[in-house]
Amino acid sequence: MTGSFPVRISRPEPFGRGRKEARFRFLFRFPARIIAVSFAMVILIGTFLLMLPASSRDGSWTPLLDCLFTATSATCVTGLVIYDTYTHWTGFGQCVILLLIQTGGLGLVTMTSFFSMAVGRRLERRNLDLARESIGTQEFTIRPLLRLVVGGALAAEGAGALLLMIALVPQYGAQGIFFSIFTAVSAFCNAGFDLFGGQGLFSSLTNYNGNPLIMGTVSALIIAGGLGFVVYYDLFQYRRTRTLLLHTRVVLAATGILLLSGMLMTLACEWTNPATLGALPNNAQRLGAAWFYSVTCRTAGFNSFPCDLMRGSTKVLSALFMFIGAAPSSTGGGIKCTTAVVLVATVCSVARGDEEVVVFRRRLDHGTVYKSLAVVLMGLSAVAMSAACVMLTDGAAEISGIDAFYESVSAFATVGISVGVTGAASQISRGLLILLMYMGRLGPVSFLLSLAMRREPSSRRVLPEGQIGI
């Protein structure tokens, strides 16, 4: 109509119950926040169950903070423990830990989405986006990827458990069946929990260096869980597409380089150490133990020799491998090997004077580079502050700077290898380690996004380009 003008009708602000519902919808509008809350819910439920007298062998209530630490470590598939899993927890408590590991390894959102799809329920677009965020990919159709994630994980864990039964059932009888299942799930999910404390508290796999079946199976499960489901899906699609994603090529190349270099580092630093590799009876076991440490150092948490007796040089270099961690969309933690590759490629580009970052002759967009730098900076900051706080609050325990840094990296990267700091740490330090494990499982960027309260994108006024010296 000529001369007419639009009339803006304002929508009345909700009040009472409507306002609460609007606030609730806002709080859970972002996928990162929903995933963060789902992990927190699983941790709290696990904490309550572990506190029950039925969970501890002495029939008493386990302290709240200790249960919270254990539940966080299991759900975030870390492996740091205050109590030996076998000697302190009953069968019920061990089953709770096992369920926490499985749920945390695959993700609550991933599991609920899969089972909803399995029973015939239609997943809405919002649920599909949430599942993509939980798995960590936007590349593929989510429904077949969900089937691969859950089905592939159960198949790998089942095959691993059957292989472990060959060695553990003759040793432990019927109990060896549960031991095999627990170890297989813990290994594939890169959790590092074990039930071998009957051979010595916190002994992990130190008594199995001469058993290639157990060490080889656990190593294979750790590597399989750490490659990431996106890599498997892309490999399965290769027959049809005849090409691999840049992501897949980077993950496979980085994984091989890190595993080999980690093994060589361990051999060079620990070969003559009489408390670690030097204590093993022959060279074959030394080589096997060095390989296993390189594998588990990627975020698994098992150990084949006393890690607290390693040399300082080994701890420092190991912290670097732990900080890098596994691949995206995997059960492992760390800043991810792809982030490390992007960082190295960025440094090489700057050294050559190139304006673009190139990996395998493919140019990376600036957003990927910026995010990688942010992840590394936030991770290093969190680890450094935690290590400093552990040293300040545990002065009486005389924890060295190297050990505090090693343990903090182990918590942040959800590795779980301990050099004795967790057992001697104060309540404040354990609280910091809990926060690090939770942050490391979500990822630094996702953790900060889950805390962000901004309703709309930033509309800050940006001034013209400026210069800054570097």
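Residues numbered from 1 in each chain as written. Predicted model: local features only at pLDDT ≥ 70, side-chain atom pairs only at ≥ 80, totals over all residues. Heavy atoms only, no water.

Participant: Just checking my understanding: could you explain the overall build of the protein chain for this structure?
Facilitator: When its secondary structure is counted, the protein chain shows 21 helices and two strands. Relative to its 470 residues, the protein chain shows a buried fraction of 50%. For the protein chain, long-range pairs separated by at least 24 residues make up 69% of all intrachain contacts whose partners lie at least 6 apart in sequence. For the protein chain, the accessible area works out to roughly 23000 Å², and carbon and sulfur atoms hold 64% of it. (Helix = DSSP H or I, 4+ residues; strand = E, 2+ residues; numbered from the N terminus. Buried < 20%, exposed > 50% of the residue type's maximum accessible area, 1.4 Å probe, protein only. Contact = heavy atoms within 4.5 Å. Areas by Shrake-Rupley, 256 points an atom, 1.4 Å probe, with all protein chains shown as cover.)

Participant: Could you clarify how one ought to interpret the environment of Ala 411 in this entry?
Facilitator: Summarising the element assignment, Ala 411 is placed in helix H18 (residues 401–412). Excluding its chain neighbours within four sequence positions, the residues that come into contact with Ala 411 are Thr 78, Leu 80, Leu 433, Leu 436 and Met 437.

Participant: What should I look at first to understand the packing of helix H2 (residues 31–51) against helix H20 (residues 427–442) in this one?
Facilitator: To describe two helices that pack against each other, one gives the angle between their axes and the distance between the axes. Two elements in contact, H2 and H20, have axes separated by 11 Å at closest approach and are oriented at 135°. Regarding the angle of H2 to H20, the classification is oblique. The hand of the H2/H20 crossing is right-handed. Every residue of H20 that contacts H2 at Ile 35, Ala 36, Val 37, Phe 39, Ala 40 and Ile 43 is listed here: Tyr 438, Arg 441 and Leu 442. Of the residues contributing to the contact of H2 with H20, the split by class is eight nonpolar, no polar and one charged. (Axes fitted to C-alpha atoms, helices over the stretch in contact; angles between N-to-C directions. Parallel < 35°, antiparallel > 145°, perpendicular 65-115°, else oblique. Left-handed = near helix turned anticlockwise from the far one by under 90°. Nonpolar A, V, L, I, M, F, W, Y, C, P; charged D, E, K, R; others polar.)

Participant: Looking at this model, I keep getting lost on the nonpolar core. Mind explaining?
Facilitator: The tendency in soluble globular proteins is for nonpolar side chains to be buried as a group. With 109 residues, the main nonpolar core has Ile 97, Ile 101, Leu 205, Ile 214, Val 218, Tyr 293 and Phe 302 as its most contacted residues. The residues contacting Ile 101, other than those within four sequence positions of it, are Ala 74, Val 77, Phe 182, Val 185, Ser 186, Cys 189, Ala 191 and Phe 193. One finds Leu 246, Val 250, Val 342 and Ala 345 within the second-largest nonpolar core, a separate group that totals eight residues. (Core = buried A, V, L, I, M, F, W, Y, C linked by side-chain atoms within 4.5 Å.)

Participant: Hey, could you run me through the packing of aromatic side chains in this one?
Facilitator: Here a ring pair, both rings aromatic, is described through the centre-centre distance and the interplanar angle of the planes. Under the defined criterion, the tally for this structure stands at ten aromatic pairs. Seen from their ring centres, Phe 179 and Phe 196 are 6.2 Å apart, and the 90° between their planes marks the pair as edge-to-face. Of this pair, Phe 179 sits in helix H9 (residues 175–188) while Phe 196 sits in the loop between H9 and helix H10 (212–227), placing them 17 residues apart in sequence. Here the two residues Phe 179 and Phe 196 agree in accessibility, since each one is buried. Aromatic side chains Phe 323 and Phe 412 sit 5.8 Å apart centroid to centroid with 25° between the ring planes, which places their arrangement in the stacked category. Linking Phe 323 in helix H15 (residues 312–324) with Phe 412 in helix H18, this pair joins segments that are 89 residues apart in sequence. When sorted by exposure, Phe 323 lands in the same class as Phe 412, which is buried. Each member of the aromatic cluster is reached from another via a ring pair, and the members are Tyr 86, Tyr 172, Phe 179, Phe 196 and Tyr 208. Sitting above the plane of the Tyr 86 ring, Arg 57 keeps its charged end 4.9 Å from the centroid. The residue whose ring lies beneath Arg 286 is Trp 271, and the NZ or CZ to ring-centre distance is 4.8 Å. (Phe/Tyr/Trp six-rings, centres within 6.5 Å; stacked < 30°, edge-to-face > 60°. Lys NZ or Arg CZ within 6 Å of the ring centre and 35° of its normal.)

So far we have only geometry, and geometry alone does not tell us how the molecule works.
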